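Residues per chain, in single letters:
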Amino acid sequence: MKIHFKIPYFTYWGQRLFVSGNIPELGNGDITKALPLNYDTPESWTALIEINSNKLVEFNYKYVLHTEQTGQYIEEWGDDRFLRLETTKLDHYFCIDTWNSPEVVDNVFLTTPFQNVLFKKNISNSTEKINSNYTHIFKVKMPLLKNNEAICLIGDCDELGNWTTTQPILLKVQEGNWWVTEVIFTKKQSEIHYKYGIYNTSEHQFVFFESGPDRITPVLNSKKTIVQLSDGFVRISSNTWKGAGVGLPVFSIRTKESFGVGDFQDIKLLVDWAQKVGLKLIQVLPLNDTIGTHTDADVLPYAAISAFALNPLFLNLPSIGKLPQTHPLQKIYNSKQVELNDLELIGFMEVITFKLQYVKEIFVLQKDIFLKNKDFLAFYENNKYWLFPYAAYCVLRNQFGTSDYRQWKDFALYNETKIIEFSSPIQPHFDEIALNYFIQYHLHTQLSDATKYAHDHNVVLKGDIPIGVNRNSVDTWVSPELFHMHMQAGAPPDMFSVKGQNWELPTYNWEEIERSGFDWWKRRFAQMSNYFDTFRIDHILGFFRIWQIPENQIEGIMGHLNPSVPIHINEFSEKGLWFDYNRYCKPHITDSILWDFFGDEASWVKTNCLQIEDGWILRLKAPFQNQLDVEKMFHEKKITERVKWGLFDLISNVLFFEVEDSHGKQYYPRFGMESIRSYRDMDNYTKDRLHELYVDYFYRRQDSNWYKSGMEKLPALKRATNMLICGEDLGMMTPCVTSVMKELGILSLEVQRAPKSNKREFFHPSKAPYLSVVTPSTHDMSTIRGWWEEDRGVTQRFYNSQLGHWGEAPYFCEWWICRDILLQHLYSPAMWSIFQMQDLLSISEEIRRPNPHDERINVPSNSMSSWRYRLHINLEDLLQKEEYNAELKNYITQSGR
């Protein structure tokens, strides 16, 4: 039997199509060994394989685009091309297919949140037997069908009704999301024109045709021949569906039963409220375990000690069990719950300390039964790859009094054999190991229960994947080869931080991650999919390039872009500049600068921190040449705080950083070069030439390289999950990021006060692309009301230009201003409008918090003092605010969301 493949696709010079499948003729799933297609006619590619077998043949296949210049393989989206053929009954089988691009909007509606929650339908695959005499199979998809709607087929022949709509052929769901029908064409004609349409099955009424030109199928008039047409999606606009959601960290939820912090059980009340007002989605911040130091520093949700383990902070203690009434912890439980729950902000250390003590005592009572529990044993086997080392890590952290595993003596380097022995049930500390199994199992069951509750109420849960992991994490301990431990991830200066951000997280060794088949990332996504339907990739720019800071520096401003094409030393001479290494790459220090940076302490700094080179040039002494050493001196009280910050500014007062191992040939320009004294003290000619190099480096030369970098990672990661992916694409945007996200169908984030073009002050929600999330604020920003009071000039311009109001803007953000901003976002063309809970409450003078500056979740430049925000109203009480809830629901309903 011969199987023919044909697909229309426009290619450029050096590109070729292949067909890959899980049979030897198609490369056994290896795309580098796939079957090449032949260029047949313009935009048409064909191939042929012959199956010499008398058995039933079953295989999956897909098309792959190969670009010779880059060596890159791009697979079409989806894994739903499947053939099941009886070779003895056929001579020829023609597969006429349509390339499935991930950027096709319809593919979004085949992801988990829609298929498993929002579009749940009682449509079962048809088991009707197929007539063996058919000549053609028609297959097409349309995920946005309404209830009582079906796809129909009409065309220009008797079998297809001659374009009449009274009795069209109705397709049936037979293969997953494919609608299928079989037709026998008997007349001898070379081709048939046809279209798909929508048919109302309850009213027995044709509704409308798809758009676009006629589709055409060949008629071969040969016996033992079948033509299968896989037509992709019905050509009907798919950008009509829209939804609204609320963003609130789990720790910020407040209920009457909360133990000073929101927990997984509390999510259910948030689901109840969301359903009541018509919100379809709840977005939360990362939920991973951050307990590394047993100090307030552990409050940061983006510095997890495990990319897989959940945070004990979110345990609901009553769901695990109660201690005996005589137990000291049980005696104080109720009073402690009231005390902590009455706090305006989260009492982080008090809450986590009590919860860990309480659950430890519960475990002692339940351990014998627990360790034999079948559900736990299944959970352990499914999660052993991360749970086993995580439990050992937690015990070793406590034994050595530090999460810095480099200080763990024999366990400083992860050795699986040693850890198996260390974690053995015969060890005296096994109860401590098993306690972590116990905690993680109950966190898993509680969050799974909350997820099921949300799904049962048609509410989607959206998670958050941080771009990095803690330097002292289980992940870096177990798999250090996946990270660049001598570097730190961060961000260049922006609206959040004038000196940039240093997240103190190691950067990724993407080459090693790719060699492993992205296994760690795929497992991470799989873990997320246990609880979430969609997720936000924190700082998606990090998949294209990361802001990388040497480990001996503190401030983000000391970083550079990686990967990037640096400036070669020859480029300076091409600009007519002599490359002066000492002037460009060492801190520029003068008496005037010393006075400006240190004031009255300038003389002390000059005497104790500086030395003279070449007779007159001021240089930093060795102990003061990097910010980490300066920070240590400050903590040792050898220098004052003003001297510390001044030395930080001196160290960063450079124009270029030399590229490691480039032997003086390549350099990274320091971000924000034009604002520093070293640059301002240059002559105008030199400044102009350096500015040209700076602009070329940051805004021109990197795009194609970053496009390639993103496409090497994101397609493989997107294929690893069916969750809907949303990217947090704020920051120093380049066109390649937008292009890749669009090509892969990854939703962008559009924030009104953070436009992606520096030529605009604001972004209007009405300009949002369909595949996007619009929001007036994020957890890293002040809320609408807080922002309104930050800069009078900005809010005045916003009031006039964005809201369209005349005259002077109110000094405070009145409820009706908040309402106007809310409505702008609800009526945006974006697929999702997601609001911080604080912004949703702001439209009610009765409910909203009196002081808007108490509503902010995180200040990026001061994260250690952030992440403690809680709602000021119990969700039980919010559910009873009927007038407000009805008003909000009306706005959401009227906007079509």
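Up top is the structure.
Caption draft 1: Fine view of the pairing of strand E16 (residues 205–209). Here strand E15 (residues 191–200) runs beside E16; their pairing, made up of 4 bridges, is antiparallel. Along E16, the bridge assignment pairs Asn 200 with Gln 205. The antiparallel hairpin formed by E15 and E16 contains 4 residues in its connecting segment, where His 204 sits at a positive phi of about 50°.

Caption draft 2: Just the packing of aromatic side chains, in detail. Applying the stated rule across the entire model yields 79 aromatic pairs. Note on Tyr 333 and Tyr 358: the rings are 5.5 Å apart at their centroids and 50° apart in plane angle, and the pair reads as tilted. Placement of the pair is Tyr 333 in helix H5 (residues 328–341) and Tyr 358 in helix H6 (residues 348–370), with a sequence separation of 25 residues. Look at Tyr 333 and you get buried, because its relative accessible area is 11%. Judged by centre distance (4.9 Å) and plane angle (80°), the ring pair of Tyr 414 and Trp 477 falls under edge-to-face. Here Tyr 414, found in the loop between helix H7 (374–400) and helix H8 (416–422), pairs with Trp 477, found in helix H10 (residues 474–478); they are 63 residues apart in sequence, far enough to count as distant. By relative accessible area, which is 21% here, Tyr 414 ends up partly exposed. Classification of Trp 477 by relative accessible area gives buried; the value is 2%. Linked through ring pairs, Phe 308, Tyr 385, Trp 386, Tyr 390, Phe 483, Tyr 508, Trp 510, Trp 520, Trp 521, Phe 525, Phe 535 and Phe 543 together constitute an aromatic cluster.

Caption draft 3: Focus on helix H15 (residues 591–598). Within the span of H15, buried status applies to Ile 593, Leu 594, Phe 597 and Phe 598. End-on, the buried residues of H15 take up no more than an arc of 105°, which puts them together on one face. The elements touched by buried residues of H15 are helix H16 (602–608), strand E28 (610–613), strand E29 (617–620), helix H18 (641–651) and helix H19 (677–680). At the exit of H15 stands Gly 599, carrying a positive phi of roughly 60°.

Caption draft 4: Focus on the sheet that holds strand E22 (residues 483–491). Read across the open sheet, the 4 strands follow the order E23-E22-E25-E26; overall the sheet is antiparallel. The open sheet has two edge strands with one neighbour each: strand E23 (501–508) and strand E26 (560–562). Across the sheet, the axes of successive neighbouring strands diverge by a mean angle of 55°, strand direction being ignored. For strand E25 (residues 546–550) and E26, the ladder comprises 3 bridges, and the chain directions are antiparallel. Bridged to Trp 547 within E26 is Leu 561.

Conventions adopted
Residues numbered from 1 in each chain as written. Predicted model: local features only at pLDDT ≥ 70, side-chain atom pairs only at ≥ 80, totals over all residues. Heavy atoms only, no water. Pairing = 2+ DSSP bridges. Helix = DSSP H or I, 4+ residues; strand = E, 2+ residues; numbered from the N terminus. Phe/Tyr/Trp six-rings, centres within 6.5 Å; stacked < 30°, edge-to-face > 60°. Buried < 20%, exposed > 50% of the residue type's maximum accessible area, 1.4 Å probe, protein only. Arc of directions from axis to C-beta. Contact = heavy atoms within 4.5 Å. Axes fitted to C-alpha atoms, helices over the stretch in contact; angles between N-to-C directions.

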